[in-house]
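# Examination of the molecular architecture
Chain by chain, the residues run as shown.
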Amino acid sequence: MAVHETTEATAARTPNRGPRWLRRHLITIAGLCTLGYLVLPNLVVMVFSFNKPNGRFNYQWQRFSTDAWSDPCGVADLCGSLGLSLQLALWATVGATVLGTMIAFALARYRFRARAGVNTLIFLPMAMPEVVMAASLATLFLNMGIQFGFWTILIAHIMFCLSFVVTAVKARVMSMDPRLEQAAQDLYATPVQTFLRVTLPIAAPGIAAGALLSFALSFDDFIITNFNAGSTVTFPMFVWGSAQRGTPVQINVIGTAMFLLAVLCVVVGQLADARRKRSKRS
Amino acid sequence: MTTTETPAPPDGQAAAAAPGIHKTPARKRLVPYWLLLPGILWLIVFFAAPLVYQASTSIQTGSLEEGFKVTWHFATYWDALGEYWPQFVRSVLYAATATVLCLLLGYPLAYLIAFKAGRWRNVVMILVIAPFFTSFLIRTLAWKTILADGGPVVGVLNSLHVLDVTSWLGLTEGQRVLATPLAVVCGLTYNFLPFMVLPLYTSLERIDPRLHEAAGDLYARPSTTFRRVTFPLSMPGVVAGTLLTFIPAAGDYINAELLGSTDQKMIGNVIQSQFLRVLDYPTAAALSFLLMAAILAMVTIYIRKSGTEDLV
């Protein structure tokens, strides 16, 4: 690989090498094109958050304006639905992370009967089209006469986030050395101490990844929520409705803010990680 | 998935669970079951049981006013299939096309991150993952702007006569892209691309770069190295990625609804409207069962053929 990098560096310095240069960098160019395809809608959302649309729909560029940014809650129900979605995502994350981490530890640490069955039960929700899960859960609620609303959405969200948490935490716990825990016990740590001081810190990145994924999945879910929400309106449902009635610019503002916030979180995380690594080395 | 993992607590259980008492083998044996109990119960009650319930709903007849009764009315399946087979076929076609496109687009990107990005790796990774956190629906709506009639994308495609070719192939109609199969497939490909890139990246990253050097030392050309070494070793990622793309794409109705017209309805759109608008629960249940069965069958065959069963 080192050889590759040096040839790449020379090629980069003299960019007009023609077809050979193009052939050598074909994969890089293709990859960057894909990256562009992935990021393009985010850029469009960002640009159109500064638009002042003529009619109800914000699909055509009219003229620059920061109105929407100065008044992000200026549309009825938008911020209410946003708050509801945040609340739901928070509780769904808590529920799914706690339940999922427990299952992951059981699967990674213990041999027991029905292990294969449990594994299948964890895998199936991820391999099932959302619309099938959504319709079947809604059928159950309907027939039980349960009122659709906050609680039915929360139940559904915890249900589909659970498997993702289990997978993330299990991968982490499986790859950790069991001798670390044995060592702790040899040093007379109680099981509780071992768990809190050794096991949990090592599993933490997996748990954090699972929690983050749950939050993103729950916050963004439309299909399952649409079937199980009744007349409750979450943020994705608000966006869906607005696609029919007319999309306010504020939706783009919130989309942009979410994107920037996500990038910021990841960047801060990366920086903290790099700093931790550096301080460990010195 | 029987209830074997929910243990019937034996008599000594209460004592064993109490804190401060010495560990007994029985208590230790039950630990995994107690860890599993709440989560697995949740999945049984809110995931598995509803599916069984759905099965019984699909063979019911009745109406919303009079109530539904199980009458073993299997004809619902035939009627649903007879009426909605075009949407079924379309779902499979669109999802398969989007999956192939995702693979073709996603592979270079995953390869770039794994082998070529160097110190830019984290930046590229952020750009792949960050869109996950912006609302899925907002990004799909952005495609409406990008592909708008008279917009730059349509203009360029038109001047290059691409649209003439795609219209001839039946992918687009006339001078527009929105409300055509091309737009729906484009949206599906876009939305599920990260699900392809991430598993591909994971499996590519595990490949020892020395294998590439070895192939080069043995006078393999880059294309041969890719065909004989890199690609076979990335198969677990390819299989996982294609499944993670195909399954949700086949059941999706958001892209067809926002970017397509009534001619691009997929099976998800039918289930949604049968359930939420027409309130014909047996038909909705039968259709979701058919979708589930079709996907399970295809996935099973696919995993057998590709020979990687160690996915779960």
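Residues numbered from 1 in each chain as written. Chains lettered and ligands numbered in written order. Predicted model: local features only at pLDDT ≥ 70, side-chain atom pairs only at ≥ 80, totals over all residues. Heavy atoms only, no water.

Now for the overall build of chain A. When its secondary structure is counted, chain A shows 13 helices and 0 strands. Beginning at the N terminus, the succession of helices and strands in chain A can be written as α-α-α-α-α-α-α-α-α-α-α-α-α. The C-alpha radius of gyration of chain A comes to 24 Å, more than 25% above the 19 Å expected for a compact globule of 282 residues. Each of the three principal axes of chain A carries a C-alpha extent, and together these read 70 × 70 × 35 Å. Contacts in chain A between residues far apart in sequence, at least 24 positions, make up 69% of those at least 6 positions apart. Element-wise, carbon and sulfur atoms account for 65% of the exposed surface of chain A, whose accessible area totals about 14,400 Å². Positive and negative side-chain charges in chain A, numbering 23 and 12 respectively, have mean positions lying 9 Å apart. (Helix = DSSP H or I, 4+ residues; strand = E, 2+ residues; numbered from the N terminus. Rg over C-alpha atoms; globule rule 2.2 N^0.38 Å. Contact = heavy atoms within 4.5 Å. Areas by Shrake-Rupley, 256 points an atom, 1.4 Å probe, with all protein chains shown as cover. Lys, Arg positive; Asp, Glu negative; His and termini not counted. Charge placed at Lys NZ, Arg CZ, Asp CG, Glu CD.)

All names here are of chain B. The feature "transmembrane region" (unreviewed entry), as annotated in UniProt, sits at residues 33-53, 92-115, 122-142, 178-201, 229-250 and 284-303 in this numbering. The annotated region residues 178-201 carries 88% helix and 0% strand content, and the separation between its end C-alpha atoms amounts to 32 Å. The span residues 229-250 shows a helical share of 95% and a strand share of 0%, and its end C-alpha atoms are spaced 31 Å apart. (UniProt positions renumbered as here; feature names shortened; annotations may be inferred.)

Turning next to the packing of helix α5 (residues 136-146) of chain B against helix α8 (residues 181-205) of chain B. All names here are of chain B. Two elements in contact, α5 and α8, have axes whose closest approach is 10 Å; the angle formed by their N-to-C orientations is 145°. α8 is crossed by α5, and the crossing has right-handed handedness. Contacts between α5 and α8 involve F136, R139, T140 and W143 from the first element and C186, Y190 and N191 from the second. (Axes fitted to C-alpha atoms, helices over the stretch in contact; angles between N-to-C directions. Left-handed = near helix turned anticlockwise from the far one by under 90°.)

Taken as a whole and judged by the stated rule, the model has 1 disulfide over all chains. Across the disulfide from C73(A) sits C79(A); the S-S distance is 1.9 Å. Torsion about the S-S bond of the C73(A) and C79(A) cystine: about -90°, corresponding to left-handed handedness. Taking the relative accessible area as the measure of exposure, C79(A) reaches 26% and is therefore partly exposed. Cysteine C33(A) shares no disulfide, and the gap to the nearest cysteine sulfur, in C186(B), comes to 14 Å. (Disulfide = S-S within 2.5 Å. Buried < 20%, exposed > 50% of the residue type's maximum accessible area, 1.4 Å probe, protein only.)

On to the UniProt feature "domain: ABC transmembrane type-1" (unreviewed entry) in chain A, then. UniProt records the feature "domain: ABC transmembrane type-1" (unreviewed entry) at residues 82-272 of chain A, using the numbering of this structure. Spanning residues 82-272 of chain A, this segment combines 84% helix with 0% strand, and its end C-alpha atoms are found 29 Å apart.

Okay, the interface of chain B and chain A next. Taken together, the contact between chain B and chain A spans 79 residues of the former and 82 residues of the latter. Both sides together, the interface formed by chain B and chain A hides about 7,800 Å², and carbon and sulfur atoms give 80% of it. Across the chain B-chain A interface, the total number found is 0 salt bridges. Joining chain B to chain A, the criterion identifies 9 residue pairs in polar contact (both at pLDDT 80 or more). In terms of residue count, the dominant contributor to the side of chain B that touches chain A is helix α2 (residues 25-58) of chain B (21 residues). (Buried area = accessible area lost by both parts, 1.4 Å probe. Salt bridge = Lys/Arg side-chain N within 4 Å of Asp/Glu carboxyl O. Polar contact = N/O pair within 3.5 Å; in protein donor to acceptor, adjacent residues only side chain to side chain.)

For any pair of aromatic rings, geometry is given as the distance between the ring centres together with the angle between the planes. Scanning the entire structure with this criterion turns up 25 aromatic pairs over all chains. The interplanar angle of 20° and the centroid separation of 5.7 Å between the aromatic rings of F50(A) and W69(A) together place this pair among those described as stacked. Taken as a pair, F50(A) in the loop between α3 (26-48) and α4 (67-70) and W69(A) in helix α4 lie far apart in primary sequence, 19 residues in all. We classify W69(A) as partly exposed; its relative accessible area is 31%. Put simply, the rings of F141(A), F148(A), W42(B) and F46(B) pair up and form one aromatic cluster. One Lys or Arg, R245(A), reaches over the ring of F238(A) and ends 5.9 Å from the middle of that ring. (Phe/Tyr/Trp six-rings, centres within 6.5 Å; stacked < 30°, edge-to-face > 60°. Lys NZ or Arg CZ within 6 Å of the ring centre and 35° of its normal.)

Turning next to the confidence of the model for chain B. Residues and elements named next belong to chain B. In the predicted model, chain B carries a mean pLDDT of 85, and 89% of its residues have values of at least 70. When the criterion is pLDDT under 50, residues 1-21 qualifies, and its contacts beyond four places in sequence or with other chains add up to 22 contacts. We note a pTM of 0.85 for the whole complex and an ipTM of 0.85 for its interfaces. (pLDDT = per-residue confidence, 0-100.)

The subject of this paragraph is the side chain of N158(B). All names here are of chain B. Relative to the elements of secondary structure, N158 occurs in helix α6 (residues 152-159). A distance of 2.6 Å separates the side chain of N158 from the side chain of Q175, its partner in a polar contact. Sequence-distant contacts of N158, that is, excluding residues within four places in its chain, are made with L163 and Q175.

This brings us to the UniProt feature "transmembrane region" (unreviewed entry) in chain A. All names here are of chain A. The UniProt record marks residues 26-50, 88-108, 120-142, 148-169, 198-219 and 249-272 with the feature "transmembrane region" (unreviewed entry), using the residue numbering of this structure. The span residues 120-142 is 87% helical and 0% strand by assignment, and the distance between its end C-alpha atoms comes to 27 Å. Helix and strand shares over residues 148-169 are 91% and 0% respectively, and the end C-alpha atoms of the span are 31 Å apart.

The next subject is the side chain of Q250(A). Residues and elements named next belong to chain A. Looking at the secondary structure, you find Q250 in helix α13 (residues 249-281). According to the relative accessible area criterion, Q250 is buried, its value standing at 12%. Polar side-chain contacts of Q250 include one of 3.0 Å to the backbone oxygen of D71. Apart from the residues within four sequence positions on either side, Q250 is in contact with A68, D71, P72, G74, V75 and L78.

Another point: unusual backbone geometry. Residues and elements named next belong to chain B. Although it is not a glycine, A179 sits at a positive phi angle of roughly 60°. Within the fold, A179 resides in the loop between α7 (162-168) and α8. Despite not being glycine, L279 has its phi angle at roughly 60°, a positive value. Residue placement: L279 occurs in the loop between α13 (267-278) and α14 (281-306). Given the relative accessible area of 32%, L279 is considered partly exposed.

What follows concerns the pattern of salt bridges. All names here are of chain B. Under the definition given, this model contains 6 salt bridges over all chains. The residue R121 makes a salt bridge to E205 at a minimum N-O spacing of 3.6 Å. Of the two residues, R121 is situated in helix α4 (residues 121-133) and E205 in helix α8; the sequence distance between them amounts to 84 residues. Since its relative accessible area comes to 40%, E205 is described here as partly exposed. The shortest N-O distance in the salt bridge between R176 and D149 comes to 3.0 Å. Highlighted residues: R176 in the loop between α7 and α8 and D149 in the loop between α5 and α6, separated in sequence by 27 residues.

A word on the environment of I247(B). Tracing the backbone through its elements, the reader meets I247(B) in helix α11 (residues 235-251). Residue I247(B) is classed as buried on the basis of its relative accessible area of 6%. Separated by 148 residues in sequence, I247(B) and T99(B) place their C-alpha atoms 9.5 Å apart. In contact with I247(B), not counting residues within four places along its chain, are A127(A), M128(A), P129(A), I295(B) and V299(B).

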